[in-house]
Amino acid sequence: MLRITGGKIYDPANGIDGQVKDLCVDDTGTIVSSVDGGRTIDASGMIIFPGGVDVHTHVAGGAINFARAMTPEDHRRTQAFIRTQSRRSGLGGMAPTTFATGYLYAGMGFTTVNEAAVPVLSARHTHEELADIPIVDKATLTLMANNEIMLDQMEAGEYERAKNVVAWYIWAAKSYGVKAVNPGGVAAWKWGSDAKQLTDPIDGYNSLTPGKIVTMLATICDDLGLPHPMHLHCNNLGAPGNISTTIDTLKHLEGHRAHIAHSQYHAYGGDDWDTMCSATVQLAEYFNTHPNITTDAGAVLFGDTVTITADGPWQHLLYKLTGRKWGNLDVENETGCGIVPYTYRPSNLVNAVQWASGLELMLLIRNPWQVFLSTDHPNGGCFWRYPEIIQLLMCADFRSECIKTLPDRIKSKITLPEIDREYTLYEVATSMSAGPARALGLTRKGNLGIGCDADIVIYEEEDDVARMFSHPRYVIKGGEVVIEDGDIRETPEGREFLVKPSCAPETDEFMRPLFEDCYTMSFENYPVEFERIENPNMQECVNASEK
Amino acid sequence: MTVTLHLKQPPSVPLEAEVLSPNVMAELSNSEIRSLVVYHGKRQVPLEEFFDVEGERSDELILHGELTKVRMIGRAMSSGSITVHGSVGMHLGARMTGGSIEVHGDASDWIGAEMMNGFIHVHGNAGGQIGAAYRGALAGMKNGTIIVDGAAGLEVGMRMRRGTIILGGPAVDFTGLQMKGGTIILLSGAEIRTGAWMNRGTIISLKPLQMMPTFAYASDFNPTFVNVYTKRLKQFGINLPFTASQGAYQRYSGDLSVPGKGEILVWQPA
């Protein structure tokens, strides 16, 4: 039992903006109205946030593990976690090891993370790694938009079948929802091309277009009643002038819920790398008029990182552009996977535009319930650098200092210098906790109301925002004090959120022959067994029409 | 005043001793030096368990003994000097930024790996990966000079970006692998695949080399930079021929498979 007294609470889910209030936590780790006895933390003069929620990150599975293996040079220079009585050893850096990932997230006040891209084929591996990420609660999304069995059903116009197939895959992967990456493009890459136009048929198919996949998959997610809508990585990522593709994609989502991942990478104007500029004004305007859609920034920070994505064709292009290392994983007929270490440099105009675009989106989209803090870890920067982004959002002066260090030619390409908005603490709490939790449909997260999970972060208020957000005074996860005065005190295991969408019982037998035709593993060994998930936590699917 | 260390007995498993560096010793008393921590396998032991220590507070370090299993001597040193009477183990002078190391004996692999500056002279033979990039890293040595009087192993100067490596004896395969800049001088030639994947940089060989098919013959010439090098190298008894009366260098450019703009200069006596 725990009582936290005297702190200024920022709890956007309940409209609490800096009021001083006591918080009470019972023995089950739930926030309650009062407790008798137990420890009391005096938080006078401190700031209280709900635990951070990362809506889009890559922390476990085949791709990030390959990234770790590909970057031994980073392991030698990075922060090492030395084993102690309560803590396992590990490494931080661009692609932190499993245990270190948990320590670093919790150390920054984040208590829930969403691993946003899991092929079913490596789902078992992913869950094993997630079990080794302590403290934080986790969810995973299954990669669907290039799954050939599903695409074949869509091509044939078999909507119900496609829906059943998606539901079957979600439960087979023991995941929480659907991720769509470059719909149709990765499948087309296996024919040597890509899919950049929403209305052109995809290579290998007669009539199926990326637009149809987007609309149909969003409909399926709605009909299955998934708590988190379709999580979409649009076509044509990273390319100059891709704003038209992105807007076109958004139009295909009219009337549906959707979450657009790392929209910074999809908000460029211009015709080529020389003329590339930020087109965030146009994209932000769309979000401002369409509250059905949420997004995360996918902000970029200057420095070394490693990019990993299921978007195989893009990674091949990036490798050709950089001439650095390139890794590609074969994920059979489900999706693709590419890994390329990358350095974002302020002197590089393209990188500078990317840096500005991420911040612009967060500042131009007016409703913080719609745009969330993310770097698409590790693609735009490592998650443990989030406090740097918060500082850029909260301090316009600091922002203009940073802009001054960019090349002069950048001025005509970005909007950032004209924006003077500064995030308030309330907006930061919305963007890094309450908002993403709501988008994920996790009602007990990002919320300090009665009956919610006691995931609480307490910051010592100080002027240096980046410092304040990287070093919380206390982090409480499920009622347990896990971080205190900069030390990791407890490392409880986190839970995994799962859904079991309804699926026609004959889907198993429908899938079997299709599966045995083309997969290299046997059908029986494919789905992840429920018993394998450590600390599963089932979430309900509720069809939108039943709400 | 110097700090002199005598190895008592060779360690049974590798001894990791990056504390054997002038930077560490410069401000320490004799007893503090004795209690410095070295890693014998996974065990942490005081330096005096393996070494007799004479002298204190000096950036001139003299080592005696059969040190082939002692690793990381002079690692990341920035100034001062180390003189070794005996043979040394791996990673000698790796990542060093200044100062000098002289070895009267043989050296092992990875000497001067990823060094930024400084000078290493090995009078005997050395192992592979001299001045190289560690696995995964983009660049090897970024400056400085490494001279090996004897032979060397594989991947000499792998991914080096700048600096100079001079080998008196022959090198094995993949000399200058993925080189990005700098100079390798081979006084006794090398085995196969010299300059594979090189992007930039210069390899000079005084002996004929087996060229890879991805290197193209460009011209015969006598580059002026060679006389400048000769002036500097004379003090080490190294003479690079450079006058036209002595002969000419055949210039090969490559590696065209990368495609790279490196060059291999092979001396052709008149």
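Small disclaimer: the values here were computed from a predicted structure and weren't measured.

Trainee: Which residues make up the sheet that holds strand β17 (residues 303–309) of chain A, and what values go with them?
Mentor: All names here are of chain A. Strand order in the open sheet formed by 3 strands is β17-β19-β18, and the pairing between neighbours is antiparallel. Looking at which strands have only one partner, the edges of the open sheet turn out to be β17 and β18 (327–328). Sheet topology note: the β18/strand β19 (residues 338–344) ladder contains 2 bridges and is antiparallel. Among the inter-strand pairings, Gly327 is bridged to a residue of β19, identified as Ile339. Contacts from helix α11 (residues 312–322) reach β17 and β19 within the one sheet, and its direction differs from that of β19 by about 45 degrees.

Trainee: Please give an account of the interface of chain A and chain B that cites residues and values.
Mentor: Between chain A and chain B, the contact holds 5 residues from the first and 6 residues from the second. Buried surface at the junction of chain A and chain B, summed over both partners, amounts to about 400 Å²; 59% is from carbon and sulfur atoms. The interface formed by chain A and chain B contains 0 salt bridges. Counting every contact that joins chain A to chain B gives 2 residue pairs in polar contact (both at pLDDT 80 or more). In terms of residue class, the side of chain A that touches chain B is built from 1 nonpolar, no polar and 4 charged.

Trainee: Outline the sheet that holds strand β7 (residues 70–71) of chain B, listing residues and values.
Mentor: Consider a sheet: its strands pair through backbone hydrogen bonds, and that pairing is either parallel or antiparallel. Residue and element names in this part refer to chain B. Taking strand neighbours across the sheet as the criterion, the 4 strands line up as β4-β3-β2-β7 in an open arrangement whose pairing is mixed. Each having just a single partner strand, β4 (43–46) and β7 make up the two edges of the open sheet. Bridge count between strand β3 (residues 37–40) and β4: 4 bridges; the pairing is antiparallel. From the neighbouring strand, Val38 faces β4, where its bridge partner is Val45.

Trainee: I'd love a proper account of the packing of helix α9 (residues 243–251) of chain A against helix α10 (residues 280–289) of chain A, names of residues and values included.
Mentor: Residue and element names in this part refer to chain A. Running from amino to carboxyl end, α9 crosses α10 at an angle of 10 degrees, the nearest separation of the two axes being 10 Å. By the angle between their directions, the pair α9 and α10 is classed as roughly parallel. Contact residues: Ile243, Thr246, Ile247, Leu250 and Lys251 in α9; Gln282, Leu283 and Tyr286 in α10. Partitioning the contact of α9 with α10 into residue classes produces 5 nonpolar, 2 polar and 1 charged.

Trainee: Give me the lowdown on the nonpolar core, citing residues and values where you can.
Mentor: Ranked by internal contacts, the top residues of the largest apolar core, which has 144 residues, are Phe49, Met154, Tyr169, Leu217, Trp355 and Phe469 of chain A. Looking at this core, the element that brings in the most residues is helix α12 (residues 349–364) of chain A, giving 10 residues. Not counting the four nearest positions on each side in its chain, Met154 of chain A is found in contact with Ala162, Leu208, Ile213, Met216, Leu217 and Ile220 of chain A. If you look at the next biggest cluster of nonpolar residues, it comprises 69 residues, including Val45, Met96, Val122 and Ile165 of chain B.

Trainee: Which residues make up the environment of Gly86 of chain B, and what values go with them?
Mentor: All names here are of chain B. Tracing the chain through its elements places Gly86 in the loop between β8 (81–85) and β9 (100–104). Since its relative accessible area comes to 18%, Gly86 is described here as buried. In this structure, the C-alpha to C-alpha distance between Gly86 and Thr68, residues 18 residues apart in sequence, is 8.3 Å. Sequence-distant contacts of Gly86, defined by excluding residues within four places in its chain, comprise Gly65, Val103, His104, Gly105 and Asp106.

Trainee: Got a sec to walk through empty space enclosed by the protein? Specific residues and values, please.
Mentor: Residue and element names in this part refer to chain A. Taken as a whole and assessed by the stated rule, the structure comprises 2 cavities of 30 Å³ or more. Put simply, the largest cavity is a space of about 40 Å³. Leu130, Ala131, Ile133, Lys138, Glu493, Gly494, Glu496, Glu534 and Asn535 together form the lining of the largest cavity. Its residues assigned to classes, the lining of the largest cavity shows 3 nonpolar, 2 polar and 4 charged. In this structure, the second largest cavity encloses a volume near 30 Å³. Every residue lining the second largest cavity is listed: Met362, Leu373, Ile390, Leu393, Tyr423, Val428, Ser431 and Met432. Secondary-structure elements contributing two or more residues to the lining of the second largest cavity are α13 (386–394) and α15 (425–440).

Calculation notes
Residues numbered from 1 in each chain as written. Chains lettered and ligands numbered in written order. Predicted model: local features only at pLDDT ≥ 70, side-chain atom pairs only at ≥ 80, totals over all residues. Heavy atoms only, no water. Pairing = 2+ DSSP bridges. Helix = DSSP H or I, 4+ residues; strand = E, 2+ residues; numbered from the N terminus. Contact = heavy atoms within 4.5 Å. Axes fitted to C-alpha atoms, helices over the stretch in contact; angles between N-to-C directions. Buried area = accessible area lost by both parts, 1.4 Å probe. Salt bridge = Lys/Arg side-chain N within 4 Å of Asp/Glu carboxyl O. Polar contact = N/O pair within 3.5 Å; in protein donor to acceptor, adjacent residues only side chain to side chain. Nonpolar A, V, L, I, M, F, W, Y, C, P; charged D, E, K, R; others polar. Parallel < 35°, antiparallel > 145°, perpendicular 65-115°, else oblique. Core = buried A, V, L, I, M, F, W, Y, C linked by side-chain atoms within 4.5 Å. Buried < 20%, exposed > 50% of the residue type's maximum accessible area, 1.4 Å probe, protein only. 1 Å grid on protein atoms, 1.4 Å probe; cavity = no way out; pocket = protein on both sides within 12 Å on 5 of 7 lines; lining within 4 Å. Points joined across faces, edges and corners; volume = space filled by probe spheres on them.

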